[in-house]
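The chain contents come next:
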Amino acid sequence: MIEIHGISRIYMREDGTPVPALRDVSFSIGRGEFVTVRGASGSGKSSLLNILGCLDTPTAGTYRLDGEDVSGYTDEQRSNIRCHKIGFVFQSFNLLPRTTAVENVEIPALYVGGRVDRDRALDILGRVGLAERAGHFVSELSGGEQQRVAIARALMNDAPLLLADEPTGNLDSAAGESIMRLLAELHREGRTIVLVTHDDGVAAYAQRELLIRDGLIASDRPLPGASAHAPDSTAAVPASG
């Protein structure tokens, strides 16, 4: 699904001094894997996630997504890739505040230029346990419910890759666990998930950990405890706050 080879990302200060964020990074992520990316602040996690999400381009190296070299794509080409292949889940939810839950879920469909399928949006909200909250405004939802709306939005265009940046960072422990069980179930259904987190408990849901230090991959290791968190495919996902 993801092939990163020799990726570097260098930013320039106003005085022209180069600041390397990523340095000759290489790894691959297979279709259907659940990988967590960890590292201290300033280690390069955000730069890597921006490249994986086609929000930024590398200074050097190649990035192949689903067999397609997207390294040198234009803004328009990368936008098209994001619309069809990538779903984003952010720590701060990034929902439109004066719209309803179902209207937020429908947003990705607007970007692909197709007809907005209200029935599909409602079905997805039901899938994440929010069928009865579809008509509520964002301000009327709890933090956990807002994050579920954000996950539903990421699923609207049926993207095979989900990128989650500290998805439980603004939630209490109960809501955070509910969100992670939902992501684990989505992974069980075959989606590829790459998740950035500082939380050991959240990271334990993944199959594998990439540790970044000073813009380099410091370690790449399996997480054998991940199966303990995998929900039964027939179990209902709790819809707590």
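First, a word on scope: everything that follows refers to the structure included in this document. These numbers come from a predicted model, not from an experiment. (Residues numbered from 1 in each chain as written. Predicted model: local features only at pLDDT ≥ 70, side-chain atom pairs only at ≥ 80, totals over all residues. Heavy atoms only, no water.)

Quick word on the environment of tyrosine 63
With respect to the element layout, tyrosine 63 can be found in strand β4 (residues 60-65). Look at tyrosine 63 and you get buried, because its relative accessible area is 1%. Taking the C-alpha atoms as reference points, tyrosine 63 and isoleucine 29, 34 residues apart in sequence, are found 12 Å from one another. In contact with tyrosine 63, not counting residues within four places along its chain, are Ile2, Glu3, Ile4, Ile7, Ile51, Leu52, Cys54, Glu68, Asp69, Val70, Ser71 and Leu161. (Helix = DSSP H or I, 4+ residues; strand = E, 2+ residues; numbered from the N terminus. Buried < 20%, exposed > 50% of the residue type's maximum accessible area, 1.4 Å probe, protein only. Contact = heavy atoms within 4.5 Å.)

Thoughts on the sheet that holds strand β2 (residues 18-29)
With antiparallel pairing, four strands are arranged side by side in an open sheet as β2-β1-β4-β5. At either end of the open sheet lies a strand with only one pairing partner, and these are β2 and β5 (68-69). Pairing geometry for β4 and β5, over two bridges, is antiparallel. Across the sheet, residue arginine 64 finds its bridge partner in β5, namely aspartate 69. (Pairing = 2+ DSSP bridges.)

A short note on the nonpolar core
Membership of the largest hydrophobic core comes to 39 residues, with the highest contact counts inside it found for Leu125, Val149, Ile151, Leu183 and Leu195. Of all the secondary structure elements, the ones that give two or more residues to this core are α3 (101-111), α4 (118-127), α5 (143-155), β7 (161-165), α6 (173-188) and β8 (192-196). The contact partners of isoleucine 151, leaving out residues within four places of it in the chain, are Val89, Ile179, Leu182, Leu183 and Leu186. Counting 28 residues, the second-largest nonpolar core is a separate cluster that includes Leu49, Val70, Leu163 and Val194. (Core = buried A, V, L, I, M, F, W, Y, C linked by side-chain atoms within 4.5 Å.)

Description of the environment of isoleucine 124
In this fold, isoleucine 124 is placed in helix α4. Sequence separation of isoleucine 124 and valine 105 is 19 residues, and the distance between their C-alpha atoms is 8.3 Å. Once residues lying within four places of it in the same chain are set aside, the contact partners of isoleucine 124 are Ala152, Leu155 and Met156.

Topic: the packing of aromatic side chains
Ring pairs (aromatic) are described by centroid distance and by the angle formed between their planes. Using the criterion set out here, one finds one aromatic pair in the structure. Taken together, a centroid distance of 5.8 Å and an interplanar angle of 5° make the contact between phenylalanine 88 and phenylalanine 90 stacked. Judged by relative accessible area, which is 17%, phenylalanine 88 ranks as buried. Judged by relative accessible area, phenylalanine 90 falls into the partly exposed class, the value being 26%. (Phe/Tyr/Trp six-rings, centres within 6.5 Å; stacked < 30°, edge-to-face > 60°.)

What about the sheet that holds β8?
Across the sheet, six strands lie side by side as β6-β7-β8-β3-β9-β10; this open sheet has mixed pairing. The sheet terminates laterally at β6 (86-90) and β10 (216-222), the two strands that pair on one side only. In this sheet, neighbouring strand axes are inclined to one another by 15° on average, regardless of whether the strands run parallel or antiparallel. As defined by bridge partners, strand β3 (residues 34-38) adjoins strand β9 (residues 208-213) across four bridges and the pair is classed as parallel. In the sheet register, arginine 38 faces β9, and the bridge partner there is leucine 211. (Axes fitted to C-alpha atoms, helices over the stretch in contact; angles between N-to-C directions.)

Section: the packing of α5 against α6
At a minimum axis distance of 9 Å, the contact between α5 and α6 shows a crossing angle of 20°. What the angle tells us is that α5 and α6 run roughly parallel. Handedness of the crossing formed by α5 with α6: right-handed. On α6, the residues that touch Gly144, Gln147, Arg148, Ile151 and Leu155 of α5 are Ala175, Ser178, Ile179, Leu182, Leu183 and Leu186. (Parallel < 35°, antiparallel > 145°, perpendicular 65-115°, else oblique. Left-handed = near helix turned anticlockwise from the far one by under 90°.)

Here's the deal with the side chain of glutamine 147
Relative to the helices and strands, glutamine 147 resides in helix α5. Side-chain polar atoms of glutamine 147 contact the backbone oxygen of phenylalanine 90, separated by 3.0 Å. (Polar contact = N/O pair within 3.5 Å; in protein donor to acceptor, adjacent residues only side chain to side chain.)

Let's talk about α6
Its 16 residues place the ends of α6 22 Å apart at the C-alpha level, agreeing with the 22 Å of an ideal helix rising 1.5 Å per residue. Looking at the buried residues of α6, the elements they touch are β3, α4, α5, β7, β8 and α7 (200-203). Of the residues flanking the start of α6, the one acting as N-cap is aspartate 172, its side-chain oxygen 3.2 Å from the backbone nitrogen of alanine 174. Looking one or two residues past α6, glycine 190 carries a phi angle of roughly 115°, positive in sign. (Expected span 1.5 Å × (residues − 1).)

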